[in-house]
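Observations on chain architecture
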Amino acid sequence: MNWIYKIQTAFSSKSIGLFSIILLFVFSPASYCLNSNQDTLAVIDHKVISSSDFISSYKEKLTRIGLTDNGETRFGYLMNLVTDELLITEAKNKGFDKTETAKKEYKRICLQELLNAYTIKYISPTIVINESDLQDLFVKLNTKIKVSHLYAPTKEKADLLYKELKSGKGFEDLAKENFLDPELRKNGGSLGYISIDEMDPEFEIVAYSLRVGEISQPVKTVQGYSIIRVEDIKNNPLLTENEFLKAKERLKAFARKRAFEEASKQFSNSLNQQLEVRLNDELIDKIYNSLQEKPFPNLLETSSSISKKDLKNIVVYSKLGKWDLQTLINEMSTATKKQEKQLRTKENVEDFIRGLVNRKFIEQKAIEEQLDKTPAYIKNVEFNFNTYLLSAFEDEMKKKISVSPDSVKEYYLKNINQFKTEPLIRLSSILLDNSNMADSVKHLLESGILFEELAKKYSTQTFVAENGGDLGYYKKDELDDLAENVFELKIGQWSGPYSDTNKYVFLKCTDLKPSLTKSFEESKEEIEKNLSSLEWYKIRDEVVISLKEEIECKVFLKKLYEIKI
């Protein structure tokens, strides 16, 4: 059974944020000799892609996404690197690296990589991943949960909502009263089905710890506070040890990433206590109020909350010293757009400022240890700045994209079959781990014993068994080899046992939802995105073809196919 596909999807869907065509790679900045350097795979305007750097990034990509190494995969990967480098070179030729925005971004990248180097040095050695961590992650990656939540910007408001729930007020009623979003008000705060790595980590940890129908206490997230209720849990009906072993290396990489994020958070909290950070509450109020009027770049312009007199007042006290308001504003000016959006509450602002103090401490220590002189730091800065230039240049090209309303309508009418929803089947399961038990359960089912009763009594998936074996709804492609047989079932019918690697599963159909055709209005946004993507690739290809005529570009394919991975 191809359950590995689901894990690949879970990994790749969150891989690279800006664009799917940027692949992780590191270029060697060294000079080259076309005839004598056996390590060179490609040269783009004096920029070398070496085989050693190609191998390390290519192997990481193979592991993370689950690709198979072959000539076609190698060629495609290398050509993506070459294409990216052509666009980066052109971005530099056009002066994208000389703008004030680029200079600010370069400074931010240098600082971020300095912080990364320090945390990697002191946090990475403390991370230990054991077998139970991997097994738990494997199960979660093969589990989707349907959740609803109540949002509150502050802890006080969240505690009040939780108190109302405990006193008997309905979850849906509170959602209707508190959400501004009309859809969330209407659906009772439902977020639908979520998977691992799709939500705020704190939200996810709590959500995956709940049973169906359970409600959490207020959970602090980046956005504020959420009270979570699990509506449904959809599990893979046949998780096997064999599939776990196949996915193990990818699981290790993902588990280590998650553990590093959690350890970094704990390190930050501990450091904040060590530095004894205290804040001037009155001035924090003024900063928060100003941020409601203006974003960071214009924090002082026409602010009705902050006066010039305030700028000399002390707002932060710590073992690093005192920061007046002007100093703090200067430090805050380095915030990213993502960080700006997260400052929704006064508590968010306070957390952010404490983080700035931590950052300053780590920056000073990292420079003292000369971590900014290491080859890894230099390469990472170069890679990230080149990624920024690539993004800036591609954003400029994307301005040429134009999708007309007529073309959207025409696409819908010509491809209406694409907008049919897939039929769904709701399943319950009984999972067993030996053939004798499977024979016994089959006999009991045939004698008329209720499927749900047998699931509760015998199924090895205890968290599913408690709900009579209910797995939720499935599409055909989510059931792999089981699909054809299972989708023949009518409501109330069961089949099985299906076996794989000493596991035996019985499946029962409890509901069916037929295929429906989405309306034009429902499909419009999806079509616009698809047509924009097609137009974007066309524009990008045209630019790359023209650049190959202007910029020296040589690729050594023989070496590519000879290297050992």
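Anything mentioned here points back to the structure above.
Described in the following lines is the structure provided in the data block. Because the structure is predicted, anything quoted here is derived from the model rather than measured.

Observations concerning the nonpolar core
In summary, soluble globular proteins display a tendency toward joint burial of nonpolar side chains. Core analysis: the largest hydrophobic core is formed by 69 residues, its most contacted members being Phe 54, Ile 287, Val 316, Leu 325 and Leu 328. No other element matches helix α15 (residues 375-398), which puts nine residues into this core. If sequence neighbours within four positions are ignored, Ile 287 has contacts with Ile 306, Val 315, Leu 325, Leu 328, Met 332, Val 349 and Ile 353.

Some remarks on the packing of helix α3 (residues 71-93) against helix α21 (residues 520-550)
In the contact formed by α3 and α21, the axes pass within 10 Å of each other and the chain directions differ by 75 degrees. Looking at the two axes, α3 sits roughly perpendicular to α21. Counted together, Thr 83, Asp 84, Leu 86, Leu 87 and Glu 90 of α3 and Arg 540, Val 543, Val 544, Leu 547, Lys 548 and Glu 550 of α21 form the full contact between these two elements.

Digging into the packing of aromatic side chains
Under the criterion given, the structure shown has 13 aromatic pairs. For the pair Tyr 106 and Phe 385, a centre-to-centre distance of 5.1 Å together with 80 degrees between the ring planes defines the contact as edge-to-face. Residue Tyr 106 is located in helix α4 (residues 100-123), and its partner Phe 385 is located in helix α15; the two are separated by 279 residues in the primary sequence. Overall, the relative accessible area of 39% leaves Tyr 106 in the partly exposed class. Ring geometry for Phe 138 versus Phe 244: centroids 5.5 Å apart, planes at 65 degrees, classification edge-to-face. Of this pair, Phe 138 sits in helix α5 (residues 131-141) while Phe 244 sits in helix α10 (residues 241-274); the two residues are 106 residues apart in sequence, bridging distant segments of the chain. For Phe 244, a relative accessible area of 2% translates into the label buried.

Things to note about the sheet that holds strand β1 (residues 40-44)
The strand order across the open sheet formed by three strands is β2-β1-β14, and the pairing between neighbours is antiparallel. Of all the strands in the sheet, the pair left with one neighbour each is β2 (47-50) and β14 (553-555). Sheet twist, expressed as the mean angle between neighbouring strand axes with direction ignored, is 15 degrees. Note that β1 and β14 share three bridges and pair antiparallel. Paired with Ala 42 across the bridge in β14 is Val 555. The strands that helix α2 (residues 51-65) touches are β1 and β2; relative to β2, the one it contacts most, it runs at about 60 degrees. Across the sheet, α3 lies against β1, β2 and β14, angled at about 25 degrees from β1, the strand it touches most.

Here is what the cut-offs are and how they apply
- Residues take numbers from 1 onward in each chain, read along the sequence in its written order.
- Where local features are concerned, this predicted model is filtered to residues with pLDDT of at least 70; where side-chain atom pairs are given and counted, the filter is 80 or more; whole-chain, interface and lining totals use all residues.
- Side-chain numbers here rest on the full set of heavy atoms in the structure, without hydrogens or water.
- Side-chain atoms within 4.5 Å are what join buried Ala, Val, Leu, Ile, Met, Phe, Trp, Tyr and Cys residues into a set we call a nonpolar core.
- To sort residues, take the accessible area from a 1.4 Å probe on protein chains only and compare it with the maximum for the residue type: under 20% means buried, over 50% means exposed, and anything in between is partly exposed.
- Strands here are runs of E lasting at least two residues and helices are runs of H or I lasting at least four, both read from the DSSP assignment and numbered beginning at the N terminus.
- What makes two residues a contact is simply this: any of their non-hydrogen atoms within 4.5 Å.
- Each axis is a line fitted through C-alpha atoms, and for a helix only the stretch in contact is used; angles between axes span 0 to 180 degrees, taken between their N-to-C directions.
- Each angle receives one of four descriptions, namely roughly parallel if under 35 degrees, roughly antiparallel if over 145, roughly perpendicular if within 65 to 115, and oblique otherwise.
- Geometry of aromatic contacts follows a simple scheme: Phe, Tyr and Trp rings, the Trp one being its six-membered ring, pair when their centres are within 6.5 Å, and the pair is stacked under 30 degrees between planes, edge-to-face over 60, tilted otherwise.
- Here, any two strands with at least 2 DSSP bridges between them count as paired.

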